[in-house]
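# Architecture and fold: a report
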Amino acid sequence: MMHILAYESFREQQVKLAGGIILGVALWLRHDSQTTNLLYLQLGEKPAPNTFYVGIYILIAVGAVMMFVGFLGCYGAIQESQCLLGTFFTCLVILFACEVAAGIWGFVNKDQIAKDVKQFYDQALQQALMGESDANNAKAVVKTFHETLDCCGSDILTATFTPVWREDLCRKDVSKIPFANANCHKKIDELFSGKLYLIGIAAVVVAVIMIFEMILSMVLCCGIRNSSVY
């Protein structure tokens, strides 16, 4: 029984480590300069779409709870407590359900997130080009996109994006790049697909660890119950 307890304690230390890694990745994504610069923008009274942060907040919560749950499982294994191990198993089931829900949400919304940001950019660009009300705010939003993503213009408003406007709204080095290579829609797709891909990898790693931990915690709990009978 002692070698099983030692192995289980080691595995639960891995849960805490995995929780710390997930928490670190989530916090890095939350405070990443590119996404922060874009998703904190405001066009008039309309804020930039921040649906992307839903998955990040789920990862932060899961990572923090995993660290606590890992400590709980480790203490339960050392004390040979069926109650603590049962609580550890229940917490893992809940966290696993949250991971599955986050994965489903990410898969369903992976295209919609980039689409919403592109629509926000196009609206700001249109206001800046047409000289609509609050054009200065729109120009500031557009310039932030261009500076953050090293891009210039979109594939929708190419016809109205004259060289004069490009010099005014784009970085000088970017304005000299062929238009197709500096397309902001393409850069937005690349930005969020890369971030969501990283979230997906983190979620899969956590889910695999949780499955193994749920199995081991039940095996240990049954072993403690059977040893108490004898």
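The preceding data block contains the structure.
Just so we're clear, the structure is a prediction, and the values are computed from it rather than from any experiment.

Definitions and limits used
Residues numbered from 1 in each chain as written. Predicted model: local features only at pLDDT ≥ 70, side-chain atom pairs only at ≥ 80, totals over all residues. Heavy atoms only, no water. Patch = residues over 30% accessible without salt bridge, like charges linked within 9 Å, V, L, I, M, F, W, Y side chains within 5 Å. Areas by Shrake-Rupley, 256 points an atom, 1.4 Å probe, with all protein chains shown as cover. Salt bridge = Lys/Arg side-chain N within 4 Å of Asp/Glu carboxyl O. Helix = DSSP H or I, 4+ residues; strand = E, 2+ residues; numbered from the N terminus. Buried < 20%, exposed > 50% of the residue type's maximum accessible area, 1.4 Å probe, protein only. Polar contact = N/O pair within 3.5 Å; in protein donor to acceptor, adjacent residues only side chain to side chain. Axes fitted to C-alpha atoms, helices over the stretch in contact; angles between N-to-C directions. Parallel < 35°, antiparallel > 145°, perpendicular 65-115°, else oblique. Left-handed = near helix turned anticlockwise from the far one by under 90°. Contact = heavy atoms within 4.5 Å. Nonpolar A, V, L, I, M, F, W, Y, C, P; charged D, E, K, R; others polar. Disulfide = S-S within 2.5 Å. Expected span 1.5 Å × (residues − 1).

It is worth spelling out a nonpolar patch on the surface at this point. Together, Val100, Ile104, Phe107 and Val108 give the surface a local cluster of nonpolar side chains, amounting to about 420 Å² of exposed area. Mapped onto the elements of the fold, Val100 is located in helix H4 (residues 82–130). What makes Val100 partly exposed here is its relative accessible area of 39%.

Here the focus is the environment of Leu17. Structurally, the position occupied by Leu17 is in helix H1 (residues 2–30). For Leu17, a relative accessible area of 56% translates into the label exposed. Along the primary structure Leu17 and Met66 are separated by 49 residues, whereas in three dimensions their C-alpha atoms are 8.8 Å apart.

Along the polypeptide, Asn183 turns up in the loop between helix H7 (172–175) and helix H8 (184–229). Owing to a relative accessible area of 10%, Asn183 belongs among the buried residues under this scheme. Among the polar contacts made by the side chain of Asn183, one reaches the main-chain amide nitrogen of Lys186 at a distance of 3.3 Å.

Between H4 and helix H5 (residues 135–149), the least distance of the axes is 8 Å, while the angle of their chain directions is 130°. Here H4 is positioned oblique relative to H5, judged by the angle of their axes. Crossing handedness for the pair H4 and H5: left-handed. Within the contact between the two elements, H4 uses Val117, Phe120, Tyr121, Ala124, Leu125, Gln127 and Ala128 and H5 uses Ala135, Ala138, Lys139, Val141, Val142, Phe145 and His146. Grouping the constituent residues of the contact of H4 with H5 by class yields 11 nonpolar, 2 polar and 1 charged.

Between two cysteines, a covalent bond joining their sulfur atoms is known as a disulfide. Applying the stated rule across the entire model yields 1 disulfide. Here Cys151 is linked by a disulfide to Cys184, with a sulfur-sulfur distance of 2.0 Å. Given an S-S torsion of about 90°, the disulfide between Cys151 and Cys184 has right-handed geometry. Taken as a pair, Cys151 in the loop between H5 and helix H6 (163–169) and Cys184 in helix H8 lie far apart in primary sequence, 33 residues in all. Overall, the relative accessible area of 0% leaves Cys151 in the buried class.

On to H5. Residue pairs three or four apart in sequence face the same way in an α-helix, which turns once every 3.6 residues. For H5, which comprises 15 residues, the first-to-last C-alpha distance of 21 Å matches the rise-based estimate of 21 Å (1.5 Å per residue) to within 8%. Buried residues of H5: Ala135, Ala138, Val141, Val142, Phe145, His146, Thr148 and Leu149, and no others. Looking one or two residues past H5, Asp150 carries a phi angle of roughly 55°, positive in sign.

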